[in-house]
Amino acid sequence: MALNLNLAGFSREYLIGIPELDEQHENFFTMLDRIAEVAPDLYRPLAEEDVDALVDVVAELREYALLHFRTEEGYMKEAGYPGLGEQKKAHNRFITDVIRMEGDLLNGLTIPPIKVRNFMHDWYREHILTLDRQFGEFQKGNKA
Ligand SMILES: [Fe+2]
Ligand SMILES: [Fe+2]
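Residues numbered from 1 in each chain as written. Chains lettered and ligands numbered in written order. Predicted model: local features only at pLDDT ≥ 70, side-chain atom pairs only at ≥ 80, totals over all residues. Heavy atoms only, no water.

1. Section: the environment of E13
Next up, step 1: By secondary structure assignment, the location of E13 is in the segment before α1 (19–38).
Next up, step 2: For E13, a relative accessible area of 46% puts it in the partly exposed group.
Next up, step 3: It is 21 Å that separates the C-alpha atoms of E13 and A65, two residues lying 52 residues apart in sequence.
Next up, step 4: Once residues lying within four places of it in the same chain are set aside, the contact partners of E13 are L129 and R133. (Helix = DSSP H or I, 4+ residues; strand = E, 2+ residues; numbered from the N terminus. Buried < 20%, exposed > 50% of the residue type's maximum accessible area, 1.4 Å probe, protein only. Contact = heavy atoms within 4.5 Å.)

This is the structure in C-alpha cells:
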C-alpha cells in the first residue's frame, strides 16, 4: 500500500495578506496534490508511461513560478521593498532548479517523485513561510 505522505495543505498560516499572492500561493499546493495523484508511491521511480505526467506537473510548476514571481516582484518593487534583491535571487534559483529537473526528466533520467515533492516542500517552508511572509509583514506595516 502506498503511504500517503502528502501532509501539507494550504492553511491560514500561509496567508501573507495580499489576496492576489495568497491565491497564487494556494495554487502551489494544488500542484503538490497533483504530484501525489501522478505518483501514489513517491519513492518508486515512475514507469515510463507515467513520467510524462510528472513532466507535465514540473512544466506547470515552471509556468506557475514565472507568473508568480513576476507578480510578487511587481508588488515588492511598487512597495520599495528592501528585500527585493534577496527575493529575486531565491526566485531565480528556484526557476533554474525547476528547469534542470524538467530537462533531466525529458532526457530520460529517472527521478523518484519524492525528490520533486521534497523540492516543493523545501520551497514553501524556506520561502513562502519565511521570506514571503516577511514581505506581508512589511506591507502591513506600510498600511498601518
Ligand atoms: Fe511567493
Ligand atoms: Fe517569493
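On we go from here.
2. Topic: the coordination of the iron ion (ligand 2)
Next up, step 1: Every protein donor of the iron ion (ligand 2) is accounted for by E72 (OE), Q87 (OE1), H91 (NE2), H127 (NE2) and D132 (OD), and the metal-donor separations fall at 1.9 to 2.3 Å.
Next up, step 2: On the primary sequence, the residues serving as donors to the iron ion (ligand 2) are separated as E-x14-Q-x3-H-x35-H-x4-D.
Next up, step 3: Take Q87: its relative accessible area is 1%, and that puts it in the buried class. (Donors = N, O, S within 2.8 Å, 3.2 Å for Na, K, Ca; no water.)

3. Re the pattern of salt bridges
Next up, step 1: Inspection of the entire model under this criterion finds seven salt bridges.
Next up, step 2: For E60, the salt bridge is made with R34, and the minimal N-O distance between the two is 2.1 Å. Placement of the pair is E60 in helix α2 (residues 48–79) and R34 in helix α1, with a sequence separation of 26 residues.
Next up, step 3: The exposure class assigned to E60 is partly exposed, which follows from its relative accessible area of 33%.
Next up, step 4: The closest approach of N and O atoms between K140 and E137, which form a salt bridge, is 3.3 Å. Of this pair, K140 and E137 both sit in helix α4 (residues 113–143), three residues apart, roughly one helical turn.
Next up, step 5: The partly exposed category is assigned to K140, whose relative accessible area is 46%.
Next up, step 6: The structure contains a network of salt bridges with shared partners spanning R62, E63 and E102. (Salt bridge = Lys/Arg side-chain N within 4 Å of Asp/Glu carboxyl O.)

4. Some remarks on the coordination of the iron ion (ligand 1)
Next up, step 1: Distances from the iron ion (ligand 1) to its protein donors, H25 (NE2), H68 (NE2), E72 (OE) and D132 (OD), fall at 2.0 to 2.2 Å.
Next up, step 2: The coordination sphere of the iron ion (ligand 1) comprises four donor atoms, whose angles at the metal cover 86 to 175°; the geometry is irregular.
Next up, step 3: Donor residues binding the iron ion (ligand 1) come from one chain and are separated in sequence as H-x42-H-x3-E-x59-D.
Next up, step 4: Here the iron ion (ligand 1) and the iron ion (ligand 2) are spaced 3.5 Å apart, with E72 acting as a shared donor. (Tetrahedral: all angles 85-135°; square planar, octahedral: opposite > 155°, others 65-115°.)

5. What about the confidence of the model for the chain?
Do not read the predicted coordinates in detail wherever pLDDT is low.
Next up, step 1: In this model, the chain carries an average pLDDT of 89, and 94% of its residues clear a pLDDT of 70 or more.
Next up, step 2: The least confident element of the chain, judged by mean pLDDT, is α1 at 91; the most confident is helix α3 (residues 84–106) at 96.
Next up, step 3: Confidence over residues 1–6 falls short of pLDDT 50; this stretch has ten contacts with residues more than four positions distant or in other chains. (pLDDT = per-residue confidence, 0-100.)

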